[in-house]
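Here is how the chains run, residue by residue.
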Amino acid sequence: MNIHKIVLEKNVPCQLSDNTILYADVYRPDDDQQHPVLLTRLPYNKSHPFYSHRYLDTNRLVENGYVVIVQDVRGRFASEGDFFPFKYEGKDGFEAVEWAAELPYSNGKVGMYGLSYYGFTQLLAAAENPPHLKAIFPAQTFNDLREGSFYQNGTYGLGLNITWALESIAPDAIKRKFTDPKEYQQKMRRLAELIDNIEEEFRFFPLKEWPALKELGVANYFYEMLEYDLKDKVWDELSLGVEKLKGITVPAFHLGGWYDNLLSPTIANYLHSKENVNQPQKLMIGPWTHGDFSSQIGQRKFGQHASQDWIDYKEDLTNLHLRWFDYWLKEKETKILQEKPVKIFVMGTNTWREEDAWPLPQTKYVPYYFHSKGKANTRFGDGRLSIDMQGEEMTDHFIFDPSNPVPSTGGGTLFDQIGSIGPMDQRMVEEREDILVYASEVLREAMEVTGPIKVILYAKTDACSTDFTAKLVDVAPDGTAFNLTDGIVRSSFRNSYKKETESIQGQILPYEIDLWATSNVFLAGHQLRVEISSSNFPRFDVNFNNGTTTLNGTNYSTASQTIYHNEVYPSHILLPVIPCNEN
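All of these numbers come straight from a predicted model, not from anything done at the bench. (Residues numbered from 1 in each chain as written. Predicted model: local features only at pLDDT ≥ 70, side-chain atom pairs only at ≥ 80, totals over all residues. Heavy atoms only, no water.)

Here we take up the overall build of the protein. Each helix and strand in the protein was counted, giving 13 helices and 25 strands. Over its C-alpha atoms the protein spans a radius of gyration of 24 Å, differing by no more than 12% from the 25 Å that the globule rule assigns to 583 residues. If you line up the protein on its principal axes, its C-alpha atoms span 80 × 60 × 40 Å. When each of the 583 residues of the protein is scored for burial, the buried share is 61%. Within the structure as shown, the protein displays about 22,600 Å² of accessible surface, and the carbon and sulfur contribution to it stands at 47%. When the 57 basic and 79 acidic side-chain charges of the protein are each reduced to a single mean position, those positions are 1 Å apart. (Helix = DSSP H or I, 4+ residues; strand = E, 2+ residues; numbered from the N terminus. Rg over C-alpha atoms; globule rule 2.2 N^0.38 Å. Buried < 20%, exposed > 50% of the residue type's maximum accessible area, 1.4 Å probe, protein only. Areas by Shrake-Rupley, 256 points an atom, 1.4 Å probe, with all protein chains shown as cover. Lys, Arg positive; Asp, Glu negative; His and termini not counted. Charge placed at Lys NZ, Arg CZ, Asp CG, Glu CD.)

Right, here's the structure in full:
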């Protein structure tokens, strides 16, 4: 298609059934024809080029014969109503899709695209099954808010939620509420101070009494959501569980990143949809962080073919979207369904690879056991990692002090702190005495680890409640130690969303720590390394070891942690190893 001009219509109204009006910017070909629609719905300002276009060239979408609609969700920027995260996005999304299908320049076929919050607006709308929605392309997004976003295995996503509230939600909320110029300026000046000193805000406790947003007079949802019990039904209303996923009837292309803070939900969405939705599902995972599809992530370079502009030397993300939507909305043969359903970037060798399924069918799950002579503290300790089962071995110990938590050093984070995201050298943090380090021998041959990873940890604590963390690290011959993936579990939520009430003090208990997933070749000359500790701050709230946490506690206690690794209590990491002749 040869489109010479693009028409932009600002603030096109969409009146909902409750008379709330949502406003959208419409980018469309300057002709008298009807075209399929690509809709995205976001809370970050449809008029802001970064958010409204992000990783896609919307001009190219229009030039290829699409009407692109970017809509402010309820209660944000131009749209009317009151904002509460995720609460209205299902029903509002249904009505927005049907409204878009009836526009005079629409041919009635609608697709949806976008990442993070506006990846979730797609899924929540699709779960309502709007008749004119034909395909979606959710990237790096949510499902159950208790798994990998607001919470993770009982721990609260402290850094993410504070940063999101201050940086993303508060500015527009202040503008909407305070119309007096002087008062508005005062509020915004105070907001700027809070953001500039956000590390101090991370350390405030109890968070339920955090004065910042109350002082600003906005984002009351923040405090309301802190009051929800993890087993409350309200999470089902705000989230996308298996039952809602079963209601989705459209094909979906799920896009994720190995260092994305929403990697696990993205993979789960693909797996649940593939199992329950009678439409093709695809999954692509690159070496990316949240919203960053570049070739350099954190302190690692993965090659130009890893970037959004040159995926596998073949295409950029815009072209990938065009091939997906051209097939479903224009009935063009783009060969996208002839490609295998899963495409992953394998770090280490830095190559793209297509696969038939996730996890990979050829995966061999191999336990690597923890060993030591009782002094695995720091990377200079005697902690070892091997496939050999333990015999009689001494335990390892460390003291967990909530006043001095282990700092988040890279990983799938999403908060405002320099050097906090993606692969980062772990050597400095591994010099802490409250981190146990278990390292393999130097590898003689390369070993690929691709798939879901977990640690089974047998531990005892003298606290009535505590946390345990685990991290997988790739150590290069020069000593550089890059994190691959990590996880955390809260003892009081080690089995479900229902809080455990039985005492754990002095008991040796198994803790399963989900490290989500990765794909990495440990090259010859490298080592595998596993870190064990009890905090990851400010990514997660800190357990105060006395039944309270950063959220509701006013004082804290240290905890003496004991890690067992013997034939009775075989602490280990379970690695998804890909046989070298099959990768």
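Turning our eyes to something else, we now look at the pairing of strand 13 (residues 342–346). Summarising burial for strand 13: five of the five residues are buried, a large majority. Alternating positions in strand 13 separate into two faces, Val342, Ile344 and Val346 on one and Lys343 and Phe345 on the other, with burial throughout. With three bridges joining them, strand 10 (residues 281–286) and strand 13 adopt parallel strand pairing. By the bridge assignment, isoleucine 285 is partnered in strand 13 with isoleucine 344. Across five bridges, the pairing between strand 13 and strand 14 (residues 351–355) is antiparallel. Bridge pairing in strand 14 links lysine 343 to glutamate 354. (Pairing = 2+ DSSP bridges.)

Turning next to the packing of aromatic side chains. In the structure shown here, the tally under the stated rule is 39 aromatic pairs. Ring centres 5.8 Å apart and planes at 50° place the aromatic pair tryptophan 288 and tryptophan 352 in the tilted group. A residue pair is termed long-range when its members are at least 10 positions apart, and tryptophan 288 in the loop between strand 10 and strand 11 (296–297) and tryptophan 352 in strand 14 qualify at 64 residues. When its relative accessible area of 0% is taken as the criterion, tryptophan 288 is described as buried. A relative accessible area of 9% places tryptophan 352 in the buried class. Here the guanidinium or amino end of arginine 146 rests over the ring plane of tyrosine 497, the centre of that ring lying 3.9 Å away. (Phe/Tyr/Trp six-rings, centres within 6.5 Å; stacked < 30°, edge-to-face > 60°. Lys NZ or Arg CZ within 6 Å of the ring centre and 35° of its normal.)

Next up on the list: the sheet that holds strand 4 (residues 67–72). Strand order across the open sheet formed by ten strands is 1-2-4-3-5-6-9-10-13-14, with mixed pairing between neighbours. Each end of this open sheet is capped by a strand with a single partner; those strands are strand 1 (6–15) and strand 14. In this sheet, neighbouring strand axes are inclined to one another by 20° on average, regardless of whether the strands run parallel or antiparallel. Relative to strand 9 (residues 252–257), strand 6 (residues 133–139) runs parallel, the two sharing two bridges. Among the inter-strand pairings, isoleucine 136 is bridged to a residue of strand 9, identified as alanine 252. Running over the sheet, helix 13 (residues 317–329) touches strand 3 (35–42), strand 5 (106–115), strand 6, strand 9 and strand 10 and is turned about 160° from strand 6. (Axes fitted to C-alpha atoms, helices over the stretch in contact; angles between N-to-C directions. Contact = heavy atoms within 4.5 Å.)

For the rest of this paragraph, the subject is helix 6 (residues 181–196). Between its first and last C-alpha atoms helix 6 spans 22 Å; for 16 residues at 1.5 Å apiece the expected length is 22 Å, and the two agree. Along helix 6, the residues classified as buried are Lys187, Leu191, Leu194 and Ile195. Each buried residue of helix 6 lies within a common arc of 95° when the element is viewed along its axis, so the set occupies one face. In helix 6, those exposed residues whose orientation departs by more than 90 degrees from the buried face are Pro181, Lys182 and Asp196. Along its buried surface, helix 6 packs onto helix 5 (158–177), helix 7 (198–202) and helix 8 (211–216). (Expected span 1.5 Å × (residues − 1). Arc of directions from axis to C-beta.)

In this section: helix 12 (residues 263–276). In this model helix 12 runs 20 Å from its N-terminal to its C-terminal C-alpha over 14 residues, within 8% of the 20 Å that 1.5 Å per residue would give. Those residues of helix 12 lying buried are Leu263, Pro265, Thr266, Ile267, Asn269, Tyr270 and Ser273. Buried-residue contacts for helix 12 involve helix 4 (117–127), helix 11 (242–246), strand 9, strand 10, strand 13 and strand 22 (509–522).

Let us now look at the pattern of salt bridges. Enumeration according to the criterion identifies 33 salt bridges in this entry. The shortest N-O distance in the salt bridge between arginine 190 and glutamate 193 comes to 3.2 Å. Of this pair, arginine 190 and glutamate 193 both sit in helix 6, separated by three residues, roughly a single helical turn. Note on arginine 190: relative accessible area 28%, which makes it partly exposed. Classification of glutamate 193 by relative accessible area gives partly exposed; the value is 38%. Aspartate 312 is the salt-bridge partner of lysine 343, the closest N and O atoms lying 3.3 Å from each other. Pair noted here: lysine 343 is in strand 13 and aspartate 312 is in the loop between strand 12 (300–301) and helix 13, with a separation of 31 residues, a long-range link. (Salt bridge = Lys/Arg side-chain N within 4 Å of Asp/Glu carboxyl O.)

The subject of this paragraph is the domain arrangement of the protein. Interfaces are often described in size by the accessible area the parts lose on coming together. Assigned domains within the protein: domain 1 (6–147 + 235–355), domain 2 (155–229) and domain 3 (364–578). The C-alpha centroid of domain 3 is placed 34 Å from the C-alpha centroid of domain 1. If you look at the interface, domain 1 gives 26 residues, while domain 3 gives 22 residues. Summed over both partners, the interface of domain 1 with domain 3 comes to about 2,000 Å²; 64% of that surface belongs to carbon and sulfur atoms. Contact with domain 3 buries surface across domain 1, with Tyr259, Asn261 and Gln299 losing the most and accounting together for 29% of the total. At the junction of domain 1 with domain 3, the criterion picks out one salt bridge. We note a salt bridge from glutamate 448 to arginine 353, for which the minimum N-O separation is 2.6 Å. Counting across the domain 1 and domain 3 interface gives eight residue pairs in polar contact (both at pLDDT 80 or more). With four residues, the single largest contributor to the side of domain 1 that touches domain 3 is helix 12. (Domains from an automatic or database assignment. Buried area = accessible area lost by both parts, 1.4 Å probe. Polar contact = N/O pair within 3.5 Å; in protein donor to acceptor, adjacent residues only side chain to side chain.)

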